Amino acid sequence: MRVLVVEDERNLADAIARGLRKRGMAVDVAYDGDAGHEAAFVTRYDVVVLDRDLPGMHGDQICAELAASGTLTRVLMLTASDSVADRVQGLGLGADDYLPKPFAFDELVARVQALGRRATPAAPPVLEVADVVIDPARRVVTRAGVPVDLTNKEFGVLCELVKARGAVVSSEELLERVWDANTDPFTTIVRVTVMTLRKKLGDPQLIETVVGAGYRTAEVVA
């Protein structure tokens, strides 16, 4: 899942980003409204965690423009105010959810995950390809009933490939969906991650390389 955090309180923004990354999400951070607006319209995010009162472009305007654009990106609006009027106004601007500060981090994570599931076409709660079973909610992967220990990035790549149901997914698409904006676009990290993922999944190989195009699963089981 790709998440953008737009929050001018740097310590809070960085803490949210660190916490979400530990949960396996790819997270970018913007510390003002102008930078947040630019990032939100350059990259397709699953969820934008958006502070309402921002320097530069106000969070309300960013939210309204995202809603008007028709994007699938979901917006979780943060605010220091917990009044009913503020919540109603924020939701009326197009926010998908609303969380007052201070908040419990576990609640933030749960809300981001829930919004992320609504940001992409619905996927089954358990993903399967051949004898590999993936439980995204518990972040558990098994092959022929045997647990497979994957890193967050390996897990993310596997999920993206399985959700594509045999369609080719390019390295650029994997880089955008699984890594954050700080990753060098010319890096070989996708190729290396696919290589280690193949090794951990074992034989027969389930991930095919389509030369010049990307990767796909060899067999998809409905």
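Quick caveat: nothing in here was measured; it's all calculated off a predicted structure. All residue numbers here refer to positions counted from 1 along the written sequence of the relevant chain. Confidence filtering applies because this is a predicted model: local features only for residues at pLDDT of at least 70, side-chain atom pairs given and counted only at 80 or more, and all residues used for totals across whole chains, interfaces and linings. Heavy atoms throughout the structure, all of them, feed into the side-chain values; hydrogens and water do not.

A. View of the overall build of the protein chain. Segments assigned H or I by DSSP are reported as helices when at least four residues long, segments assigned E as strands when at least two residues long, and all are numbered from the N terminus. What the protein chain contains, in helices and strands, is eight helices and eleven strands. The C-alpha atoms of the protein chain give a radius of gyration of 18 Å, which matches the 17 Å a tight globule of 222 residues would have. Evaluated residue by residue, the protein chain yields a buried proportion of 43% over its 222 residues. Put simply, of all contacts in the protein chain between residues at least 6 apart along the chain, 60% involve residues at least 24 apart. In this tally, Lys and Arg are treated as positive and Asp and Glu as negative; His is ignored, and so are the chain termini. In this description, the location of a charge corresponds to atom NZ of lysine, CZ of arginine, CG of aspartate or CD of glutamate. Both charge centroids of the protein chain, one from 26 positive and one from 33 negative side chains, sit 6 Å from each other. For a compact globule the rule gives 2.2 Å times the number of residues to the power 0.38, and the radius of gyration it is set against comes from C-alpha atoms. The buried label applies to any residue whose accessible area, calculated with a 1.4 Å probe on protein chains only, is under 20% of its type's maximum; exposed applies above 50%, and partly exposed to all values in between. Should any heavy atoms of two residues lie within 4.5 Å, those residues are counted as being in contact.

B. View of the pairing of strand β4 (residues 74-79). The element β4 is largely enclosed, with a buried count of five among its six residues. Sheet topology note: the strand β3 (residues 47-51)/β4 ladder contains five bridges and is parallel. Looking at β4, one finds that Leu50 is bridged to Met77. What joins β3 to β4 is helix α3 (residues 59-69), and the crossover it makes is right-handed. Bridge count for β4 against strand β5 (residues 97-100) is four bridges, and the pairing is parallel. Paired with Leu76 across the strands is Asp97, a residue of β5. Pairs of strands are assigned from DSSP output, requiring at least two bridges between the strands. Seen with its strands pointing away from the viewer, a crossover is right-handed if its path from the first strand over the helix to the second goes clockwise.

C. Seen up close, α3. Where α3 is concerned, the buried positions are Gly59, Asp60, Ile62, Cys63 and Leu66. In a view along the axis of α3, the buried residues occupy a sector of 165°, so they form one face of it. Structurally, α3 contributes buried residues whose contacts are with α2 (33-42), β3 and β4. Note on α3: the residue one or two positions beyond its end, Gly70, has a positive phi of about 80°. Here the arc refers to the directions that run from the helix axis out to each C-beta atom.

D. Quick look at the sheet that holds strand β8 (residues 140-143). Taken in spatial order, the four strands of this open sheet run β6-β7-β8-β9, and their pairing is antiparallel. The two strands at the open ends of the sheet, each matched to only one other strand, are β6 (127-129) and β9 (146-147). Of the pairings in the sheet, the one linking β6 to strand β7 (residues 132-135) comprises three bridges and is antiparallel in character. The residue bridging Glu128 from the neighbouring strand is Val133, located in β7.

E. Up close: the UniProt feature "modified residue: 4-aspartylphosphate" (unreviewed entry) in the protein chain. UniProt positions are given in the numbering used here, feature names are shortened, and annotations may be inferred rather than shown by experiment. In the numbering adopted here, UniProt assigns the feature "modified residue: 4-aspartylphosphate" (unreviewed entry) to Asp51. With respect to the element layout, Asp51 can be found in strand β3. Excluding anything up to four places from it in sequence, Asp51 contacts Val6, Glu7, Asp8, Gly59, Leu78, Thr79 and Lys101.

F. Broad picture of the side chain of Glu154. One can find Glu154 in helix α6 (residues 152-163). Among all residues touching Glu154, those that are not within four sequence positions of it are Asp149, Thr193, Thr196, Leu197 and Lys200.

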